[in-house]
Amino acid sequence: MLVVVVLTAAGGWLRAREIERRGPLAPPDQKLDFDAWYYYVSAGQALLEGRGLTHAYNERDPPPVYLVPPPLQALFTAAVYAVRGAFDPAALVWTQLGLSLLAGGLVYWLLAHWHGVAAALCGLAIWMLYPEFIYWVATPMTEANYLVLLLLVLALLAAWCDRRATGWALAAAAALGIANLQRPNGLGWGLAVAAFALWRLRGDERRWLQATIFAAAPFLVLLPWLARNVLVTGDPVLVSSNGGVLLYAVNHPGYDPLVWPDYGVYPAAEWHAQPILDRFNSAEFDGRRTYYQLSKLYAREVRAYVLAEPLHFLRNYVIKLWQRFALVPRVLAEVDPWLGERTAALLYHGLTLLGLAGLIGRVREWRNPRHVLLAISFGWFAAFAALMHWLGSGRMTITLRLFLMLFAAVFLGACLNGLTQKLASRPSR
């Protein structure tokens, strides 16, 4: 218990220090170039002011193409402001700090329940001390709270995997649907879990019911948001409306991930398709010139590209998958500048190698349904990350760090247990 308290205190101090290091959040009119204000903070403020869930991005002059971001972070912002009684962006990151510390309990429970106390302590240490997890707490965007939601989903999936009760399946699927309102990364995760459920419940009459729950319930949670978007914008936006645009950016014939690995410095001129833009700006789209319609056009181009040049697509996909584990986000060195870039890279690659070692594990681990479920979940997020773009901030691959943390804790816990047993078996002098 003392170790848990010390690690939690250290994690809280490091997160508080990062918030202070980043300085006070600037007033909204000074940070209009930041995604945090454009898509989330401004929407929470507008909601409390009675203007609806509208965003500063859509209120710029001249009016841009209408964009619909995911809603949950904006709702979180509005809730914090309502409790705080003031429009105080600093309250957002301090609340995220508290949620991050509470999520440490989920990390500990998940690993202790599946792999023992040694693995739980290793996982808690990584969660509290690893720089990337610290960095995003100080940013009022989707990343920090999304990790908390993923841990909640994993905890509920763990309970279902052990008990195989329909109630736990409903709870996990509903939590996954809510997490998708924060970020759409897990839209297909429920389908992967449904396939796992058919295997896990083989011979059980509930297998098709629970598989259907995992496949369908996460999407049912999205229906109110979908209905709102149809009524307000006229577009059936499931989560956010820019997916097709982002998908095309790194999935088209002219893209080479070896030349432009970082979307943050990738010139827009390299991926914007002028014929698509010309069509989008034509009279065909008068009265419905929204990001959703633009994304549909780009998504069709991606589909045509994959069918016409499958080998080029697969070549790029494999390179991008490798890059999602090999490229080191710059935020590691930013969190603790005294570490230096070399030490930050060692931390990053060290977590990757330990995580992969824990994933591969011993043969008996793959006989454990819990391990198989975690591996399938990790596989979904790795596949999704390789399909989309990479940013130097690491925000698009932070979910992979979460799973690697869990696998690394399993590996380190097994090593500690083995060492302890070896020392205990030594004859006393």
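For clarity, every value in this text was computed on a predicted model and none was experimentally measured.

## Notes on the overall build of the protein
Tallying secondary structure elements over the protein gives 19 helices and zero strands in all. The C-alpha radius of gyration of the protein comes to 22 Å, within 12% of the 22 Å expected for a compact globule of 429 residues. Oriented by its inertia axes, the alpha-carbon framework of the protein measures out at about 90 × 50 × 45 Å. Per-residue burial for the protein yields a buried fraction of 52% across its 429 residues. Put simply, 72% of the contacts in the protein that link residues at least 6 apart link residues at least 24 apart. Surface exposure of the protein reaches about 19,200 Å², of which carbon and sulfur atoms provide 66%. Positive and negative side-chain charges of the protein, numbering 36 and 27 respectively, have mean locations separated by a distance of 13 Å.

## Points about the pattern of salt bridges
Two side chains that carry opposite charge are able to pair once their charged atoms sit near each other. The full count for this structure, using the stated rule, is 10 salt bridges. Of the charged contacts in the structure, one is a salt bridge between E143 and R183, with a shortest N-O distance of 3.0 Å. With E143 in helix 7 (residues 143-163) and R183 in the loop between helix 8 (166-180) and helix 9 (189-200), this residue pair connects regions lying 40 residues apart in the sequence. Across the pair, R183 and E143 agree in class, each one buried. Taking the shortest distance from any N to any O, the salt bridge between D162 and R370 comes out at 2.9 Å. Of this pair, D162 sits in helix 7 while R370 sits in helix 18 (residues 369-387), and the two are 208 residues apart along the sequence. The network of salt bridges with shared partners includes E143, R183 and R395.

## Regarding the packing of aromatic side chains
According to the stated counting rule, one finds 26 aromatic pairs in the structure shown. Ring plane angle 40° and centroid distance 6.4 Å describe the contact between Y263 and W271, whose orientation is recorded as tilted. What links up through ring pairs into an aromatic cluster is the set W189, F325, F378, F381, F403 and F407. When the ring centre of F280 is taken as origin, the NZ or CZ atom of R289, which lies over that ring, is 6.0 Å away. Sitting over the face of the ring of Y348, R401 holds its NZ or CZ atom 3.8 Å from the ring centroid.

## Considering the nonpolar core
One finds W127, W189 and F214 to be the most contacted residues of the largest nonpolar core, which totals 93 residues. Looking at which element gives the most residues to this core, the answer is helix 7, with 14 residues. If we skip the residues at most four places from it in the chain, W189 touches L150, V153, L154, L157, L176, S377, W380, F381 and F403. Among the nonpolar cores identified, the runner-up in size contains 36 residues, and Y57, V245, A249 and I276 belong to it.

## Some words on the confidence of the model for the protein
Residues with a pLDDT of 70 or more make up 95% of the protein, whose mean pLDDT is 90. Taken element by element, the predicted model of the protein shows its lowest mean pLDDT in helix 16 (residues 331-335) (75) and its highest in helix 8 (97). Counting interchain partners and residues more than four positions distant, the pLDDT-below-50 stretch residues 28-33 has seven contacts.

## Examining a nonpolar patch on the surface
Among the surface-exposed residues, L258, V259 and W322 lie close enough to one another that they form a single nonpolar patch of about 350 Å² accessible area. The residue W322 is located in helix 15 (residues 310-326) in this model.

## Comments concerning a positive patch on the surface
The grouping of R288, K296, R300 and R303 at the surface amounts to a positive patch. By the secondary structure assignment, R288 is in the loop between helix 13 (274-280) and helix 14 (291-308). For R288, a relative accessible area of 35% puts it in the partly exposed group.

## Looking at helix 8
Its 15 residues place the ends of helix 8 21 Å apart at the C-alpha level, agreeing with the 21 Å of an ideal helix rising 1.5 Å per residue. Within the span of helix 8, buried status applies to A169, A172, A173, A175, L176, G177, A179 and N180. Tucked into the core, helix 8 has its buried residues touching helix 7, helix 9 and helix 10 (207-221).

## A word on the environment of G203
Position of G203 among the secondary structure elements: in the loop between helix 9 and helix 10. When the C-alpha atoms of G203 and A46 are compared, they prove to be 52 Å apart, with 157 residues separating the residues in sequence.

Scoring rules and cut-offs
- Residues numbered from 1 in each chain as written.
- Predicted model: local features only at pLDDT ≥ 70, side-chain atom pairs only at ≥ 80, totals over all residues.
- Heavy atoms only, no water.
- Helix = DSSP H or I, 4+ residues; strand = E, 2+ residues; numbered from the N terminus.
- Rg over C-alpha atoms; globule rule 2.2 N^0.38 Å.
- Buried < 20%, exposed > 50% of the residue type's maximum accessible area, 1.4 Å probe, protein only.
- Contact = heavy atoms within 4.5 Å.
- Areas by Shrake-Rupley, 256 points an atom, 1.4 Å probe, with all protein chains shown as cover.
- Lys, Arg positive; Asp, Glu negative; His and termini not counted.
- Charge placed at Lys NZ, Arg CZ, Asp CG, Glu CD.
- Salt bridge = Lys/Arg side-chain N within 4 Å of Asp/Glu carboxyl O.
- Phe/Tyr/Trp six-rings, centres within 6.5 Å; stacked < 30°, edge-to-face > 60°.
- Lys NZ or Arg CZ within 6 Å of the ring centre and 35° of its normal.
- Core = buried A, V, L, I, M, F, W, Y, C linked by side-chain atoms within 4.5 Å.
- pLDDT = per-residue confidence, 0-100.
- Patch = residues over 30% accessible without salt bridge, like charges linked within 9 Å, V, L, I, M, F, W, Y side chains within 5 Å.
- Expected span 1.5 Å × (residues − 1).

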